[in-house]
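Here's the letter readout for the chains.
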Amino acid sequence: MGKRRSRAAERKLHIFSGSVHPELAEEIARYLDVEMGDIRLEKFSNGEIYARYMDSVRGEDVFLVQSVSGDVNDALMELLIMTDAARRASAGRIHAVITHYGYARQDRKAAAREPITAKLVARMLETAGVDTITTIDLHSGQIQGFFERPVNHLTALNLFADYFAAQEMDNLCVVSPDVGRAKVAKKMSDLLNADLAIMHKGRPKHNVAEITSIIGDVEGKNCILNDDMIDTAGTICAGMKVLKDRGAKSVHVSATHPVFSGPAIERLENSVADEIVVANTIPLPEEYLQGKIRQISVAPLFAEAINNVFNNGSISSLFDPDFAL
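Just so you know, these numbers come straight off a predicted model, no measurement behind them.

J.: I'd love a proper account of the state of the cysteines, names of residues and values included.
T.: Applying the stated criterion to the full structure yields zero disulfides. Among the cysteines around C173, which has no disulfide bond, C223 carries the closest sulfur, lying 4.8 Å off. Taking relative accessible area as the criterion, C173 reaches 0% and is therefore assigned buried. For C237, which is in no disulfide, the shortest distance to another cysteine sulfur is to C223 and amounts to 15 Å. What makes C237 buried here is its relative accessible area of 16%.

This is the structure in structure tokens:
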């Protein structure tokens with residue numbers, strides 16, 4: 001009998017996309033120089049979701065790329081069903097690549113008798129069979145602790161810093177929209193060698209914010225207001241107006257996740273912002289990118305993370321900008 005080759009030496013990297021953002025998954029696959037996996041995704045007339053892998057994944061590393069956005073519940077359910085199908089197809093390791101983690105804002109009990117839905121989502125993913133999770137700029141970094149599986153928490157800070165550094169603006173000031181994001185803003189200010197300012201806000205109800213004060217000097221400065229997401233844009237537009245009222249020379253916005261629900265686009269286009277720079281973690285219609293909104297790609301970042309996870313390499317520099325300083 002001839003010598004049997006090691007199966008581990010032959011394992012392949014498979015990338016499959018959910019239905020929410022196949023363009024991003026395809027871009028990631030191009031950076032990795034691999035072909036997209038063939039998966040059949042359908043929805044029955046009653047709304048039930050169906051998934052079947054048309055490629056064999058037995059013993060293989062399967063990366064499932066999904067943005068839990070748009071119709072959030074359908075997107076999440078589709079990812080769970082894809083995971084279950086991969087597990088039942090005897091996949092070796094199942095990696096959820098979640099470019100936007102839906103329900104991330106429900107990460108704690110802010111009032112009595114509320115759920116912690118971000119934790120529930122984590123439990124559902126693990127129960128379905130996910131082995132690792134790769135995501136980017138969670139609303140709260142502590143969400144990583146909701147998982148018992150490894151979480152690779154990437155950040156787009158380096159990408160945004162590179163973008164603004166290329167603009168060659170002087171007298172920069174990175175502004176945190178609230179105290180909770182001050183540490184992230186400090187990292188971005190270090191990357192850009194910029195000043196730092198911090199806003200203090202109250203939130204009387206969901207999707208409503210009131211800016212009460214600013215710590216730091218923004219007068220005459222080119223300000224970069226950095227946040228993890230823009231939803232209805234009420235908070236970010238209020239912050240921009242306060243910066244202009246305090247004498248800011250220009251106001252730029254960077255946010256990883258362009259949720260853009262309700263009146264967001266109209267508010268942003270009519271705002272005092274010079275530009276709004278977002279990542280492509282959530283798909284945007286082409287017409288949204290004709291005005292003040294710019295989009296940068298996180299595909300190279302995810303591609304590098306996937307490659308390192310597959311090859312058991314380090315990805316420290318991808319989730320902590322301090323490693324890149």
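From this point on, the discussion continues.
J.: Quick one: what's the story with the sheet that holds strand 5 (residues 93-100), residue by residue and with numbers?
T.: Spatially, five strands are ordered 1-4-5-6-7 in an open sheet, and the strand pairing comes out parallel. The sheet terminates laterally at strand 1 (13-17) and strand 7 (151-154), the two strands that pair on one side only. Direction aside, neighbouring strands of the sheet carry axes that sit 20 degrees apart on average. In the sheet, strand 6 (residues 132-136) pairs with strand 7 via four bridges, with the strands oriented parallel. Pairing of T135 across the sheet is with H153, part of strand 7. Seen against the sheet, helix 1 (residues 22-32) touches strand 1, strand 4 (61-67) and strand 5 and runs at an angle of roughly 160 degrees to strand 1. Where helix 2 (residues 72-88) meets the sheet, its contacts fall on strand 1, strand 4 and strand 5, and the angle it forms with strand 4 comes to roughly 170 degrees.

Definitions and cut-offs
Residues numbered from 1 in each chain as written. Predicted model: local features only at pLDDT ≥ 70, side-chain atom pairs only at ≥ 80, totals over all residues. Heavy atoms only, no water. Disulfide = S-S within 2.5 Å. Buried < 20%, exposed > 50% of the residue type's maximum accessible area, 1.4 Å probe, protein only. Pairing = 2+ DSSP bridges. Helix = DSSP H or I, 4+ residues; strand = E, 2+ residues; numbered from the N terminus. Axes fitted to C-alpha atoms, helices over the stretch in contact; angles between N-to-C directions. Contact = heavy atoms within 4.5 Å.

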